[in-house]
Amino acid sequence: MAGRFITLEGGEGVGKTTNIAYIQALLEEQNIPLLLTREPGGTTLAENIRQLLLDKEQESIAEQTELLMMFAARAQHIKHVIKPALEQGTWVLCDRFTDATYAYQGGGRNMALSSIQWLENFVQGDLRPDLTLLLDAPVQLGMQRAKQRGKLDRFESEKMAFFEQVRQSYLSIAAHQSERVKIIDATQNLSSVQAQINQALRAFTQ
Ligand code: T5A
């Protein structure tokens, strides 16, 4: 039986990484075999691409280059990690996927959605997440949390207007694909965020 593909999305510092272990525990409680992974990244080559993308101490990256690097990493990740796992019946929980490309490169950088769509079809074929949990919080709050955590990377050093566009793009995806994308109010304290995640996952796994 094929595994299910779950993604976790949201702007900077909304709590994706913090909640991954919680989601893992919930699924494993139900004896669901699970693989945790992230984007950009997930294979040695894709993690190297991630380093290049997040490093702000290098030459400026053209937006087309950035978009292609995201999909180059994704192609590698899908072929070597995501598809083999799903084919074996393992569920995959991925910290960010293509919705992030629509939000950051499409919304934040204003790149043509038709180009992203073309690359999505080219790289993924018919692979799409079965469920996406979108952690949503005002930009200011997410950035405050991200700053507390440490040094900011190349994306985190963008201006507030960029992150506002990212947030609005995510919310628009959720509005258009409400069957797949469940919004989690990430402004709440951790236990309340986890209660919402629990509810969304139970509805999905029932
Ligand atoms: N990107 C990625 C693209 O541009 N296009 C793409 O296609 C893809 C796939 C990747 C970057 O790449 C970009 C987007 C990103 O900028 P990343 O590391 O995956 O980087 O993403 P980040 O958003 O940078 O991850 P962060 O680690 O900053 O955010 P998280 O994981 O959402 O936040 P987290 O869990 O580290 O939490 C931040 C802090 O808040 C606290 C935590 O303890 C932590 O200190 N916190 C809470 N505090 C109070 N109440 C709560 N409910 C809290 N939840 C968390």
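Please read all numbers here as calculations on a predicted model, not as lab measurements.

1. Looking at the overall build of the chain
Right, on to step 1. Scanning the chain from terminus to terminus reveals 8 helices and 5 strands.
Right, on to step 2. Mapped in sequence order, the helices and strands of the chain form the string β-α-β-α-α-β-α-α-β-α-α-β-α.
Right, on to step 3. For the chain, whose C-alpha radius of gyration is 16 Å, the value lies close to the compact-globule estimate of 17 Å for 206 residues.
Right, on to step 4. With the principal axes as the frame, the chain shows a C-alpha extent of 45 × 35 × 30 Å.
Right, on to step 5. Every one of the 206 residues in the chain was classed for burial, and the buried ones make up 51%.
Right, on to step 6. A separation threshold of at least 6 residues defines the contact pool for the chain, and within that pool the share at least 24 residues apart is 78%.
Right, on to step 7. Of the accessible surface of the chain, which amounts to about 10300 Å², a share of 51% is contributed by carbon and sulfur atoms.
Right, on to step 8. For the chain, the distance from the average site of its 21 positive side-chain charges to the average site of its 24 negative ones is 2 Å.

2. Describing helix 1 (residues 16–29)
Right, on to step 1. With 14 residues, helix 1 should cover 20 Å at 1.5 Å per step; its first-to-last C-alpha distance of 20 Å lies within 8% of that length.
Right, on to step 2. Contacts made by the buried residues of helix 1 are with strand 1 (5–10), strand 2 (34–38), strand 3 (91–95), strand 4 (131–136) and helix 8 (190–205).
Right, on to step 3. Positive backbone phi, approximately 60 degrees, marks Asn31, located one or two places after helix 1.

3. Here we look at the pairing of strand 3
Right, on to step 1. For strand 3, the buried fraction is high: 5 of the 5 residues fall into the buried class.
Right, on to step 2. Because side chains alternate across strand 3, one face comprises the buried residues Trp91, Leu93 and Asp95, and the other comprises Val92 and Cys94, equally buried.
Right, on to step 3. Bridge count for strand 2 against strand 3 is 5 bridges, and the pairing is parallel. Each bridged residue has a counterpart across the sheet, and for Leu35 the counterpart in strand 3 is Val92.

4. Regarding the sheet that holds strand 5 (residues 181–185)
Right, on to step 1. The 5 strands lie next to each other as 2-3-1-4-5, forming an open sheet whose pairing is parallel. Of all the strands in the sheet, just strand 2 and strand 5 have a single pairing partner and so form its edges. Between one strand and the next, the sheet's axes are offset by a mean angle of 20 degrees, whatever the strand orientation.
Right, on to step 2. Pairing of strand 1 with strand 3, which is carried by 4 bridges, proceeds in the parallel orientation.

5. Comments concerning the site of the ligand
Right, on to step 1. Near the ligand there are 27 residues, and of these Thr17, Thr18, Arg96, Thr101 and Arg149 occur at the shortest range.
Right, on to step 2. Separating an oxygen atom of the ligand from a side-chain N or O atom of Arg50 is a distance of 2.9 Å.
Right, on to step 3. Residue Gln105 places a side-chain N or O atom 2.9 Å away from a nitrogen atom belonging to the ligand.
Right, on to step 4. Protein chains shield 85% of the accessible area of the ligand, which is 1000 Å² for the free molecule.
Right, on to step 5. Secondary structure elements with two or more residues in the shell around the ligand: helix 1, helix 2 (44–54), helix 3 (63–87), helix 4 (98–108), helix 6 (139–149) and helix 8.
Right, on to step 6. With 4 residues, the single largest contributor to the shell around the ligand is helix 4.
Right, on to step 7. Looking at side-chain class alone, the shell around the ligand contains 9 nonpolar, 9 polar and 9 charged residues.

6. A short note on the packing of aromatic side chains
Right, on to step 1. This structure, assessed with the given rule, holds 7 aromatic pairs.
Right, on to step 2. Between Trp118 and Phe122, the aromatic rings sit 5.0 Å apart at their centres with planes inclined by 20 degrees, giving stacked as the arrangement. Here Trp118 and its partner Phe122 are both found in helix 5 (residues 113–124), 4 residues apart, which amounts to about one turn of the helix. With respect to class, Trp118 is no different from Phe122; both count as exposed.
Right, on to step 3. A centroid spacing of 5.2 Å and a plane angle of 90 degrees characterise the contact between Phe162 and Phe163, whose relative ring orientation is edge-to-face.

7. Re the pairing of strand 4
In the case of a regular strand, side chains alternate between the two sheet surfaces.
Right, on to step 1. Across the 6 residues that make up strand 4, a large majority, 6, are buried.
Right, on to step 2. Side chains of strand 4 alternate between two faces, with Leu131, Leu133 and Leu135 and Thr132, Leu134 and Asp136 buried alike.
Right, on to step 3. Summarising the sheet, strand 4 and strand 5 pair through 5 bridges and their orientation is parallel. Along strand 5, the bridge assignment pairs Leu134 with Ile183.

Quick notes on the rules
- Residues numbered from 1 in each chain as written.
- Predicted model: local features only at pLDDT ≥ 70, side-chain atom pairs only at ≥ 80, totals over all residues.
- Heavy atoms only, no water.
- Helix = DSSP H or I, 4+ residues; strand = E, 2+ residues; numbered from the N terminus.
- Rg over C-alpha atoms; globule rule 2.2 N^0.38 Å.
- Buried < 20%, exposed > 50% of the residue type's maximum accessible area, 1.4 Å probe, protein only.
- Contact = heavy atoms within 4.5 Å.
- Areas by Shrake-Rupley, 256 points an atom, 1.4 Å probe, with all protein chains shown as cover.
- Lys, Arg positive; Asp, Glu negative; His and termini not counted.
- Charge placed at Lys NZ, Arg CZ, Asp CG, Glu CD.
- Expected span 1.5 Å × (residues − 1).
- Pairing = 2+ DSSP bridges.
- Axes fitted to C-alpha atoms, helices over the stretch in contact; angles between N-to-C directions.
- Near = heavy atom within 4 Å.
- Polar contact = N/O pair within 3.5 Å; in protein donor to acceptor, adjacent residues only side chain to side chain.
- Nonpolar A, V, L, I, M, F, W, Y, C, P; charged D, E, K, R; others polar.
- Phe/Tyr/Trp six-rings, centres within 6.5 Å; stacked < 30°, edge-to-face > 60°.

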